[in-house]
Amino acid sequence: MPEITKDKLIIFDTTLRDGEQSPGASMTREMKIRIARQLEKLGVDIIEAGFAAASPGDFAAVKAVAETIKGSTVCSLARAIENDVRRAGEAIQPAKSGRIHTFIATSPIHMQHKLRMNEDQVVEHAVRAVKLALEYTDDVEFSAEDAVRSDMDFLVRVFDAVIKAGATTLNVPDTVGYSIPAAWGERIRQLIARVPDSHKVIWSTHCHNDLGLAVANSLSAVMNGARQIECTINGLGERAGNASLEEVVMAVKTRRDIFNLDTRIDTTQIVPTSKLVSSITGYPVQPNKAIVGANAFAHESGIHQDGVIKHRETYEIMRAEDVGWNANKLSLGKLSGRNALRQRFTALNIEFRSEEAFNATFQRFKELADRKNEIFDEDLQALVSDEAAQVSEHYRLVAMGAHSETGAMPVARVVMNIDGKEHHADGQGGGPVDATFKAIEQIVHSGTELQLFSVNNITSGTDAQGEVTVRLSKGGRIVNGQGADTDIVVASAKAYLNALNKLHSKLERAHPQV
Ligand code: KIV
Ligand code: ZN
């Protein structure tokens, strides 16, 4: 359980749970382990690894994270019902330090329309869930979902009851991103003042970003006594996302004069963590995003450049290297051997399940090094996401070619392997990518709708690998596929097939808040 001190801000990361609730961002167990390892290296206090009761796959992922992580507390979410709490308790059992996070909605609109419960029933469920959770761990968090629209007197009653039942952290969520900083801070202040024995627990806040105020609201909560912030890398999360970890942490660090609080975060790991989460989930980071956007430390105007050269602090309140921007260092090249590659992967916290998997990656590394002189850490990360994508391949790209010429209709030819059988198709389209997707569709007839197509360069230079994200939807399911290659048409084909393979896997899971 995190140490309770008044001068420490506890960072609770929910990228693997609330972040995973973003459309198409569901992660496999292996992906979660990779991110969890990086979050541990980043120094987050608590990793919310998932919602164990959602599906057998989610249970296995939370359990695997609990088995792997030693330096952070591992947490599972659980609705305030017996089965959820028991599944969460079983999943976190292997953890060195494990937490159960149980929640129930407390606003009239949720109680009436979603839960169909009255206030007494909600209190009864909350208390029972906390007591049951304590049978598995002494670290139990309770959240009053939609606290922002809950009646204050009722919130005080619920929180009082769960403290008496033994909860150690009380979380106050702005589930729908409705609050504004002054009102949110005041709500937290009043709760701490009115709830009996409030000093015995950690007060936490969990803010969504529907009005773009999640970070501001979270910081206002801290200024009014909250000592835990729930946040995600890159602000990933349900709808407009959650408070972004990097912004919260850097605000508290940069304005220590105001907050006078420390976190355990190693800020030099922020950018590598952001890149890893972006490449695994397929959510690109906007260039002007604070802290982790490509332009966050770029000075375009002549006046700014001149000022920064003369005296850096004229226009910079933080140093790029303090948040990990210099991590983009030359890693390996064409002549690097198996040992060098293995060592680099170990430094990046990437492990292989088998020698064959490593051999396949080494082969792909060599192919990449033939086309690209300098191989950076980001290229290696992309190589393994490609490799992971190939594991559950129903649809596999064997070969492809695309041709475009001014004045002529672009064409593409694709060869694919489906269940051991080879298929060929040609396509024509508005551009080479469109022609390639049409050729693939001639073979698979997926009936999907393309919701998003985006290309990002992984590193700089014209020989950089392009990383493509494709979001497909079908029958209410949404998936993101990624692919990386020095040829962006090939990267696009890989991303499209990766998305189709995810749809094909038919992973079904429950949503915690529905
Ligand atoms: O937004 C929310 O209220 C949540 C809870 C489960 C904490 O995610
Ligand atoms: Zn949430």
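For the structure, see preceding data.
Here the structure is a predicted model, which is why all the values come from computation and not from measurement. As a convention, each chain's residues are numbered from 1 in the sequence order in which they are written. Chain labels run from A onward and ligand labels from 1 onward, assigned in the order the entries are written. Where local features are concerned, this predicted model is filtered to residues with pLDDT of at least 70; where side-chain atom pairs are given and counted, the filter is 80 or more; whole-chain, interface and lining totals use all residues. The basis for the side-chain values is all heavy atoms of the structure; hydrogens and waters are excluded.

Enquirer: Teacher, can you tell me more about the overall build of the chain here?
Expert: Numbering of helices and strands runs from the N terminus, with a helix taken as a DSSP run of H or I at least four residues long and a strand as a DSSP run of E at least two residues long. Regarding its fold elements, the chain presents 17 helices and 16 strands. Radius of gyration here is computed from C-alpha atoms only, and the compact-globule reference equals 2.2 Å multiplied by the residue count raised to the power 0.38. Computed over C-alpha atoms, the radius of gyration of the chain comes to 24 Å, within 12% of the 24 Å expected from 2.2 N^0.38 for 514 residues, which places it in the range of a compact globule. Contact between two residues is taken to exist if any of their heavy atoms lie within 4.5 Å; hydrogens are not considered. Pairs at least 24 apart in sequence give 67% of the contacts found in the chain among residues at least 6 apart. Of the roughly 21,900 Å² of accessible surface on the chain, 51% is carried by carbon and sulfur atoms. When the 58 positive and 67 negative side-chain charges of the chain are each reduced to one mean point, those points stand 2 Å apart. To measure how exposed things are, a 1.4 Å probe is used in the Shrake-Rupley method; for residues, cover is taken only from the protein chains shown. When charges are counted, Lys and Arg are positive and Asp and Glu negative, with His and the chain ends excluded. Note on charges: their place is set at NZ of Lys, CZ of Arg, CG of Asp or CD of Glu.

Enquirer: For this particular structure, what's the right way to read the packing of aromatic side chains?
Expert: Pairs of aromatic rings are described using the distance from one ring centre to the other and the angle between the two planes. Aromatic contacts are taken between Phe, Tyr and Trp rings whose centres are within 6.5 Å, Trp giving its six-membered ring; a plane angle under 30 degrees counts as stacked, one over 60 as edge-to-face, and the others as tilted. Applying the stated criterion across every chain yields a total of eight aromatic pairs. Measuring from ring centre to ring centre gives 5.3 Å for phenylalanine 159 and tryptophan 203, while their planes differ by 80°; the resulting arrangement is edge-to-face. Of this pair, phenylalanine 159 sits in helix α6 (residues 152-165) while tryptophan 203 is found in strand β7 (residues 202-207), placing the two residues 44 residues apart along the sequence. Here phenylalanine 159 and tryptophan 203 have matching classes, each one buried. Here the aromatic rings of phenylalanine 358 and phenylalanine 362 are separated by 6.5 Å at their centres, their planes lie at 20°, and the arrangement is stacked. Throughout this description, buried means an accessible area under 20% of the type-specific maximum (1.4 Å probe, protein chains only), exposed means over 50%, and partly exposed covers the range between.

Enquirer: Just to check I follow, could you spell out unusual backbone geometry for this structure?
Expert: Excluding glycine, residues mostly carry a negative phi; peptide bonds, for their part, are mostly trans. Phi at arginine 116 is positive, roughly 50°, even though this residue is not glycine. Examined against the element boundaries, arginine 116 turns out to sit in the loop between α4 (108-115) and α5 (119-133). Under the relative-accessibility criterion, arginine 116 is labelled exposed at 68%. Phi at aspartate 146 takes a positive value of approximately 60°, unusual for a residue other than glycine. With respect to the element layout, aspartate 146 can be found in the loop between β5 (140-145) and α6. Accessibility expressed as a relative area gives 0% for aspartate 146, which makes it buried.

Enquirer: Looking at this structure, how should I read the packing of helix α1 (residues 29-42) against helix α2 (residues 56-68)?
Expert: Packed helices, taken two at a time, are described by their axes: the angle between them and the distance between them. Fitted lines through C-alpha atoms give the axes, limited to the stretch in contact for helices. The angle between two N-to-C directions lies from 0 to 180 degrees. It is at 9 Å that the axes of α1 and α2 come closest, and there the two elements cross at 35°. For the pair α1 and α2, the crossing hand works out as right-handed. On α2, the residues that touch Arg29, Lys32, Ile33, Ala36 and Arg37 of α1 are Asp58, Ala60, Ala61, Ala64, Val65 and Thr68. Residue type decides the class: Asp, Glu, Lys and Arg count as charged, Ala, Val, Leu, Ile, Met, Phe, Trp, Tyr, Cys and Pro as nonpolar, and the leftover types, Gly among them, as polar. In terms of residue class, the contact of α1 with α2 is made up of six nonpolar, one polar and four charged. Crossings are assigned a handedness: left-handed for a near helix turned anticlockwise from the far helix by less than a right angle, right-handed for a clockwise turn.

Enquirer: Teacher, can you tell me more about the site of ligand 1 here?
Expert: Whether a residue is near a molecule or strand is decided by its heavy atoms; if any one of them lies within 4 Å of it, the residue is near. For ligand 1, the full set of nearby residues is Arg17, Asp18, His101, Phe103, Ser143, Glu145, Asn171, Pro173, Thr175, His206, His208 and Gln513. As used in this structure description, the phrase polar contact means that two N or O atoms lie within 3.5 Å; if the pair is within protein, one of them must be able to donate a hydrogen and the other to accept it, and residues adjacent in sequence are counted only when both atoms belong to side chains. Interatomic distance of 3.1 Å between a side-chain N/O atom of aspartate 18 and an oxygen atom of ligand 1. Here an oxygen atom of ligand 1 sits 3.1 Å away from a polar atom, N or O, in the side chain of histidine 206. Expressed as a share of its isolated accessible area of 260 Å², the protein-covered part of ligand 1 is 100%. Broken down by secondary-structure element, the contributors of at least two residues to the shell around ligand 1 are β4 (98-105), β5 and β6 (169-174). Tallied by class, residues from the shell around ligand 1 come to two nonpolar, seven polar and three charged.

Enquirer: Looking at this model, I keep getting lost on helix α7 (residues 181-194). Mind explaining?
Expert: In an α-helix, one full turn covers 3.6 residues, which means residues spaced three or four apart are oriented alike. The first and last C-alpha atoms of α7 sit 20 Å apart over 14 residues, in line with the 20 Å expected at 1.5 Å per residue. Within α7, the full set of buried residues consists of Trp184, Gly185, Arg187, Ile188 and Leu191. For α7, the angular spread of the buried residues around the axis is 155°, confining them to a single face. More than 90 degrees from the buried face of α7, the exposed residues found are Ala182 and Ala193. Where α7 is buried, its residues meet α6, β6, β7 and α8 (214-223). The span one expects for a helix is its residue count, reduced by one, times 1.5 Å. Taking the helix axis as origin, the arc is that swept by the directions to the C-beta atoms.

Enquirer: Could you clarify how one ought to interpret the sheet that holds strand β14 (residues 449-457) in this entry?
Expert: Paired through their backbone hydrogen bonds, the strands of a sheet run either parallel or antiparallel. The sheet built from three strands is open, its strands ordered β14-β15-β16 with antiparallel pairing. For this open sheet the edge positions go to β14 and β16 (477-485), each flanked by a neighbour on one side alone. When strand polarity is set aside, the average angle formed by the axes of neighbouring strands in this sheet is 15°. DSSP calls a pair of strands paired once it identifies at least 2 bridges connecting them. Of the pairings in the sheet, the one linking strand β15 (residues 466-474) to β16 comprises nine bridges and is antiparallel in character. Its bridge partner being in β16, serine 473 is matched across the sheet by isoleucine 478.

Enquirer: Looking at this structure, how should I read the sheet that holds strand β13 (residues 421-428)?
Expert: Taken in spatial order, the three strands make up an open sheet running β11-β12-β13, and their pairing is antiparallel. Unpaired on one side and paired on the other, β11 (395-403) and β13 mark the two borders of the sheet. Here the average twist between neighbouring strands, direction ignored, is 15°. Of the strand pairs in this sheet, strand β12 (residues 411-418) and β13 are connected by eight bridges, and their pairing is antiparallel. Of the residues in β13, the one forming a bridge with isoleucine 418 is lysine 421. Packing against the sheet, helix α16 (residues 432-444) makes contact with β11, β12 and β13, and its axis sits at approximately 40° to β12.

Enquirer: Whenever I open this one, the pattern of salt bridges confuses me. Can you help?
Expert: Note that side chains of opposite charge can pair when their charged atoms are close. We define a salt bridge as a contact between a side-chain nitrogen of Lys or Arg and a carboxyl oxygen of Asp or Glu at a distance within 4 Å. In this structure the tally under the stated criterion is 37 salt bridges. With a shortest N-O distance of 3.1 Å, lysine 32 and glutamate 20 are connected by a salt bridge. One end of the pair, lysine 32, is in helix α1; the other, glutamate 20, is in the loop between β1 (10-13) and α1, with 12 residues separating them in the sequence. Comparing lysine 32 with glutamate 20, the two get one shared label, buried. Several salt bridges converge on common partners, so that one network encompasses Lys8, Asp45 and Arg264.

Enquirer: Mind showing me how you'd approach the coordination of the zinc ion (ligand 2) here?
Expert: Distances from the zinc ion (ligand 2) to its protein donors, namely Asp18 (OD), His206 (NE2) and His208 (NE2), fall within the range 2.0 to 2.1 Å. Residue class for histidine 206 comes out buried when judged on its relative accessible area of 5%. The donor set comprises N, O and S atoms within 2.8 Å of the metal, extended to 3.2 Å for Na, K and Ca; water molecules are omitted, so apparent gaps in a site may simply reflect that omission.

Enquirer: I'm lost on the side chain of threonine 73 in this one. Help?
Expert: Within the secondary structure, threonine 73 sits in strand β3 (residues 73-79). Overall, threonine 73 belongs to the buried group, its relative accessible area being 6%. In terms of polar contacts, threonine 73 uses its side chain to reach the side chain of serine 97, at 2.7 Å. If near-sequence neighbours (up to four positions away) are discounted, threonine 73 is found in contact with Asp45, Ile46, Ile47, Ser97, Gly98, Arg99 and Asp139.

Enquirer: Help me understand the nonpolar core, please; the structure alone is not making it clear to me.
Expert: For soluble globular proteins, the rule of thumb is that nonpolar side chains tend to be buried together. With 97 residues, the main nonpolar core has Ile11, Phe142, Phe159, Leu170 and Leu191 as its most contacted residues. It is α6 that provides the largest number of residues to this core, a total of 10 residues. The residues touching leucine 170, leaving out its near neighbours within four places in the chain, are Phe142, Phe159, Val162, Ile163, Val201, Ile202, Trp203 and Ser204. Leu397, Met416, Val468 and Val489 belong to the second largest nonpolar core, which has 25 residues in total. Nonpolar core, defined: a set of buried Ala, Val, Leu, Ile, Met, Phe, Trp, Tyr and Cys residues in which side-chain atoms within 4.5 Å join the residues together.

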